[in-house]
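Spelled out, the chains give:
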Amino acid sequence: QVQLVESGGGLVQAGGSLKLSCAASGRTFSAYGMGWFRQAPGKEREFVATISLSGGSTYYADSVKGRFTISRDNAKSTVYLQMDSLKPEDTAVYYCAAKRGTFIVIMTTPKVYDYWGRGTQVTVSS
């Protein structure tokens, strides 16, 4: 079992920045591929970014590429999402997710992930 807790969400003006954190507890964090997803009201949960077990490989949705950066610190059992140049369309609840076993960064489908946090709200005002 892995427990995931997101933090760092909030209200920010367009063009601003936020850094989300996802702290993991339980089994060996470095054994899990990690992803960030988001869900806006009335929409399906969508992929944002993934990072490999070592942190050496990352992958981004086209909508956030060049603005968001995913990273992880295995010593702290934490994955981060640095969000810059935020837009109103980035408003959503952001979730982190963990996948055990075989992982490649193009695993962007929510259903393949084994554990989820409860999410943190990000609101970007225009």
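Described in the following lines is the structure provided in the data block. Fair warning: this is a prediction, and the values are worked out from it, not measured in the lab.

**Description of the pattern of salt bridges**
Throughout the structure, instances matching the rule amount to 5 salt bridges. For K65, the salt bridge is made with D62, and the minimal N-O distance between the two is 3.1 Å. Residue classification places D62 among the exposed positions, given a relative accessible area of 66%. For R100, the salt bridge identified is with D114, shortest N-O distance 3.7 Å. Here R100 is found in strand β9 (residues 92-100), whereas its partner D114 is found in the loop between β9 and β10 (115-116), with 14 residues between them in sequence. Note on R100: relative accessible area 45%, which makes it partly exposed. Counted as one network, the salt bridges with shared partners bring together R38, E46, R67 and D90.

**With respect to the packing of aromatic side chains**
If you walk through the whole model with that rule in mind, you get 8 aromatic pairs. Relative to W116, the ring of F37 lies with its centre 5.1 Å away and its plane at 55°, an arrangement referred to as tilted. One end of the pair, F37, is in strand β4 (residues 32-39); the other, W116, is in strand β10, and 79 residues separate them in sequence. Three or more aromatic residues joined by ring pairs make a cluster, and in this case those are F37, F47, Y59, Y95, F103, Y113 and W116. Lying over the aromatic face of W116, R45 brings its terminal NZ or CZ to 4.8 Å of the ring centre. Note that R72 overlies the ring of F29, its terminal NZ or CZ placed 4.4 Å from the centroid.

**Side note on the state of the cysteines**
Applying the stated criterion to the full structure yields 1 disulfide. The disulfide bridge from C22 ends at C96, spanning 1.9 Å between sulfur atoms. Its torsion about the S-S bond being 45°, the disulfide of C22 and C96 is classed as right-handed. Of this pair, C22 sits in strand β3 (residues 18-26) while C96 is found in strand β9, placing the two residues 74 residues apart along the sequence. Given the relative accessible area of 0%, C96 is considered buried.

**Re unusual backbone geometry**
Most peptide bonds take the trans configuration, and most residues that are not glycine carry a negative phi. Backbone geometry places S77, a non-glycine residue, at a positive phi of 55°. For S77, a relative accessible area of 21% translates into the label partly exposed. Phi angles above zero are rare outside glycine, and S85 is one such case at about 50°. Position of S85 relative to the elements: it lies in the loop between β8 (78-83) and β9.

Rules of the game
Residues numbered from 1 in each chain as written. Predicted model: local features only at pLDDT ≥ 70, side-chain atom pairs only at ≥ 80, totals over all residues. Heavy atoms only, no water. Salt bridge = Lys/Arg side-chain N within 4 Å of Asp/Glu carboxyl O. Buried < 20%, exposed > 50% of the residue type's maximum accessible area, 1.4 Å probe, protein only. Helix = DSSP H or I, 4+ residues; strand = E, 2+ residues; numbered from the N terminus. Phe/Tyr/Trp six-rings, centres within 6.5 Å; stacked < 30°, edge-to-face > 60°. Lys NZ or Arg CZ within 6 Å of the ring centre and 35° of its normal. Disulfide = S-S within 2.5 Å.

By themselves, these are just geometric observations and shouldn't be taken as functional.
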